[in-house]
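Breakdown of the fold
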Amino acid sequence: MGLSQADGAGHLDPLLYPWDPPVASGVMDGDDFRSLELSAGLDEALAQAGAAPLEARSLVVSIGSNSSADVMRRKFANYHQPVSAVLPLVRGHLHNIAVGHSAHVSKAGYIAAAPYPLMGECTAVWLSWLDDVQLMALDETEPNYRRIRLDGEACPLVADHGERPEEFSLFTSRWGALTDGDGRKLPFVDQPALFGLLAGSGTGDLLEEGKSVFDGSPQLVAEHLATPAVQAWAREWFSSAGLAAPVNFDGPGAG
């Protein structure tokens, strides 16, 4: 899972973003994750856990670290009021949406995923149904994203068990998606590979002697990126170097 115990409570290694999703669809219940035969119904599992039923929950599609049960446990535990640790996580496929990288650096020093519309694309995703407090807790952790509603007709969503929701939410970056400088959005890759792409996209010479902040070992790059001053510089550099493209969700074929 990329967990390190260096700080006592443990932290997630930024180089392993977006961390591990469950091995199968099921329900997170505290520190446990129970894989389910979905035909038996998620509501039965929620009822057994004493949690809110599906009809009282909001469906959010995850394309990055929110697919990880470890990440969701941490987000819920850090909220300022008690949050249920019972959460359905179901595999699915989302059509007409592709995934790249957001044109900003997170506080932890990684460059997160960012969806954008692309007709004909099919992306593997995770579906999570959150109760009201879980949704508030999740929203609070996403200052660089906005949660939007998508229509299942324009962007068909198919869950593992065959359900096709009519509408759902998706987090989209406020900063746009990273490109190669010529308008082509960078593909979603692991962090070391992304650092290599960015090192070749211009000087990015925040460091001494004109060396790019994205040069060097992945561990060193991630260490630099975890610095607030570097995060602010990177966001500005992505924009000024023409590496950030706005993402338009007005229609599934935009962007």
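Quick note: structure is the one above.
First things first, this report covers the structure right here in the doc. Quick caveat: nothing in here was measured; it's all calculated off a predicted structure.

**Some points on the overall build of the protein chain**
If you tally the helices and strands in the protein chain, you get six helices and twelve strands. The proportion of buried residues among the 255 residues of the protein chain is 47%. Within the protein chain, counting contacts between residues at least 6 apart in sequence, those at least 24 apart form 70% of the total. Roughly 11900 Å² of accessible area belongs to the protein chain as shown, and the carbon and sulfur atoms make up 50% of that amount.

**Structural notes on the packing of aromatic side chains**
The description of an aromatic ring pair uses the distance of the two centres, along with the angle that the planes make with each other. The tally for this structure, following the rule as stated, stands at ten aromatic pairs. When the centroid spacing of 6.4 Å and the interplanar angle of 65 degrees are considered together, the rings of Y17 and F188 count as edge-to-face. Within this pair, whereas Y17 is found in the loop between β2 (11-12) and β3 (26-29), its partner F188 is found in the loop between β11 (177-178) and α4 (191-199), the two being separated by 171 residues in sequence. Residue classification places Y17 among the buried positions, given a relative accessible area of 5%.

**With respect to the layout of surface pockets**
What the largest pocket holds in volume is close to 830 Å³. Along its surface, the largest pocket is lined by 32 residues, and K75, S106, Y110, T141 and E142 are the ones closest to its centre. Only β2, β5 (58-62), α2 (69-77), β10 (167-173) and α6 (228-240) provide two or more residues apiece to the lining of the largest pocket. Of the residues assigned to the lining of the largest pocket, the class counts are 16 nonpolar, eleven polar and five charged. Its boundaries defined by the atoms lining it, the second largest pocket holds a volume of some 240 Å³. If you trace the second largest pocket, you find 16 residues lining it, with I63, S67, A124, V125 and W126 closest to the centre.

**A short note on the nonpolar core**
Within soluble globular proteins, side chains that are nonpolar tend to cluster in buried spots. Core analysis: the largest hydrophobic core is formed by 51 residues, its most contacted members being F76, L94, L127, L130, L157 and F168. In contact with L130, not counting residues within four places along its chain, are R57, S58, V60, M72, F76, L87, L135 and L138. Of all hydrophobic cores here, the second largest spans 20 residues; its members include I111, A222, L225 and F238.

**Remarks on the side chain of Q134**
Relative to the elements of secondary structure, Q134 occurs in helix α3 (residues 132-140). The class of Q134 is buried, set by a relative accessible area of 0%.

**A word on the pattern of salt bridges**
On inspection of all chains with the given rule, the structure shows eight salt bridges. Put simply, D29 and R34 hold a salt bridge, and the shortest N to O gap is 3.7 Å. Taking the shortest distance from any N to any O, the salt bridge between R73 and D70 comes out at 3.2 Å. Taken together, the residues R73 and D70, both in helix α2 and three residues apart, mark about one turn of the helix. Side by side, R73 and D70 carry an identical accessibility label, which is buried. Here the salt bridges share partners, and the residues they tie into one network are D180, D182 and R184.

**Let's talk about the environment of R34**
Residue position: R34 is located in strand β4 (residues 32-35). R34 sits in the partly exposed class, given a relative accessible area of 29%. Considered as a pair, R34 and P88 are 54 residues apart in the sequence and their alpha carbons are 9.5 Å apart. Beyond its immediate stretch of four places on either side in the chain, R34 contacts S25, G26, V27, D29, A45, Q48 and A49.

**So, α3**
Considered for burial, the residues of α3 that qualify are Q134, L135, A137 and L138. Along the long axis of α3, the arc covered by the buried residues comes to 160 degrees, so they all point the same way. Buried residues in α3 make contact with β5, α2, β6 (86-101), β7 (113-130), β8 (145-151) and β10.

**Describing the pairing of β5**
Side chains on a regular strand alternate between the two faces of the sheet. Burial of β5 is extensive: four of the five residues sit out of reach of the surface. One ladder, built from five bridges, connects β5 with β7; its direction is antiparallel. The partner of S58 across the bridge, within β7, is L130. Note that β5 and β10 share two bridges and pair parallel. Each residue of the ladder has a partner; that of V61, found in β10, is L170.

Rules used throughout
- Residues numbered from 1 in each chain as written.
- Predicted model: local features only at pLDDT ≥ 70, side-chain atom pairs only at ≥ 80, totals over all residues.
- Heavy atoms only, no water.
- Helix = DSSP H or I, 4+ residues; strand = E, 2+ residues; numbered from the N terminus.
- Buried < 20%, exposed > 50% of the residue type's maximum accessible area, 1.4 Å probe, protein only.
- Contact = heavy atoms within 4.5 Å.
- Areas by Shrake-Rupley, 256 points an atom, 1.4 Å probe, with all protein chains shown as cover.
- Phe/Tyr/Trp six-rings, centres within 6.5 Å; stacked < 30°, edge-to-face > 60°.
- 1 Å grid on protein atoms, 1.4 Å probe; cavity = no way out; pocket = protein on both sides within 12 Å on 5 of 7 lines; lining within 4 Å.
- Points joined across faces, edges and corners; volume = space filled by probe spheres on them.
- Nonpolar A, V, L, I, M, F, W, Y, C, P; charged D, E, K, R; others polar.
- Core = buried A, V, L, I, M, F, W, Y, C linked by side-chain atoms within 4.5 Å.
- Salt bridge = Lys/Arg side-chain N within 4 Å of Asp/Glu carboxyl O.
- Arc of directions from axis to C-beta.
- Pairing = 2+ DSSP bridges.

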